[in-house]
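Commentary on secondary and tertiary structure
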Amino acid sequence: MGTKVLKLGIPKGSLQESTFRLFAKAGWKITEHHRNYFPDINDLEIQCSMCRAQEMSRYVEEGILDAGLTGKDWILENESDVVIVSDLIYSKVSARPARWVLAVAGDSPYKRPEDLAGKKIATELKNFTEKYFQKAGIPVEVEFSWGATEAKVVEGLCDAIVEVTETGTTIKAHGLKIIAEILQTNTQFIANKKAWEDSWKRHKIETINTLLQGALRAEKLVGMKMNVPKEKMDEVMNVLPAMTSPTVAPLYNSDWFSVEIVVEKSTVRELIPLLLQKGAEAIIEYPLNKVI
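Residues numbered from 1 in each chain as written. Predicted model: local features only at pLDDT ≥ 70, side-chain atom pairs only at ≥ 80, totals over all residues. Heavy atoms only, no water.

**What to know about the overall build of the chain**
Per the secondary structure count, the chain includes ten helices and 16 strands. Once the C-alpha set of the chain is aligned to its principal axes, its extents read approximately 80 × 60 × 35 Å. Buried residues in the chain amount to 43% of all 292 residues. For the chain, the share of sequence-separated contacts (at least 6 apart) that also reach a separation of at least 24 residues comes to 69%. When the accessible surface of the chain is summed, it comes to about 15600 Å², and 50% of that surface belongs to carbon and sulfur atoms. (Helix = DSSP H or I, 4+ residues; strand = E, 2+ residues; numbered from the N terminus. Buried < 20%, exposed > 50% of the residue type's maximum accessible area, 1.4 Å probe, protein only. Contact = heavy atoms within 4.5 Å. Areas by Shrake-Rupley, 256 points an atom, 1.4 Å probe, with all protein chains shown as cover.)

Here is the structure:
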């Protein structure tokens, strides 16, 4: 009997490299071949296919793929009937949700969505944008944009755009201003409903999800080790922001102890000087691949 295989979709485009890095931290090395949409992965039970995030949920819904990673925005845009396994908050810029925003020219008189009644809006997120304005009772013309959407307001091809952004920098760089946020989106791990009902595939999907979530959790954390003299232990313990109780072990033939903890990466620059002040020595900081 041959090896069972899970057909897994990997998003091609802006999320591609960050997805490869995330899987590498989780334990799977994906190797892309030039002009090939079927990269290798170091797991005989997974077959990878690359496709645009915009199309991923449709392929998963139709069963062409058993599971895949795509944006919440494209699931809503395609109205795909899929299983949402989990949120995977990661991106090419920062670990925070991206935003679809309504933007107009910087010198435009439009200040609210209502001001765009009767106007033309360009976006790649056409279906969702139409529903957004219909729900708000604002009559607009929404046209599909194939790309370079920010430039269309400047060129006078439309009155406003709906575009995705993480920081708003590109929007501002094109001389535009944001007047509303219509959707927050992030990467989601999705599965085909029939695949989810298959016990072997479901177990494989859940295993992948567990390790991906562990890798994401580890990105915000670091491990720390230090040596602490017995008389300073209470002072050091009082300033340690550990996830759980620190691991403490006596050093051989000594009144010193080895202390090991996991802490938020953002706290380390303030924590190390404080630990030194309290009596800790030989402080080591090290990265983590997964925290589960």
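Having seen the model, we can carry on.
**Examining the environment of lysine 7**
By the element assignment, lysine 7 lies in strand 1 (residues 6–12). Along the primary structure lysine 7 and glycine 63 are separated by 56 residues, whereas in three dimensions their C-alpha atoms are 9.2 Å apart. Not counting residues up to four positions away in its chain, the partners in contact with lysine 7 are Gln47, Gly63, Ile64, Leu65, Asp66 and Ala67. Within the local environment of lysine 7, its side chain forms a polar contact with the backbone oxygen of glycine 63, the two atoms lying 3.4 Å apart. (Polar contact = N/O pair within 3.5 Å; in protein donor to acceptor, adjacent residues only side chain to side chain.)

**A few points about the nonpolar core**
Core analysis: the largest hydrophobic core is formed by 28 residues, its most contacted members being Leu8, Ile10, Phe23, Phe189, Ile205 and Ile208. Elements supplying a minimum of two residues to this core: strand 1, helix 1 (16–26), strand 4 (46–52), strand 5 (67–71), strand 6 (83–88), strand 12 (187–191) and helix 8 (199–219). Examining the composition of this core, we find that five residues originate from one element, helix 8, more than from any other. Setting aside residues up to four positions removed in sequence, isoleucine 208 forms contacts with Leu6, Phe23, Trp28, Ile46 and Phe189. Ranked by size, the runner-up nonpolar core spans 18 residues in total, among them Tyr110, Ile121, Ile179 and Ala180. (Core = buried A, V, L, I, M, F, W, Y, C linked by side-chain atoms within 4.5 Å.)

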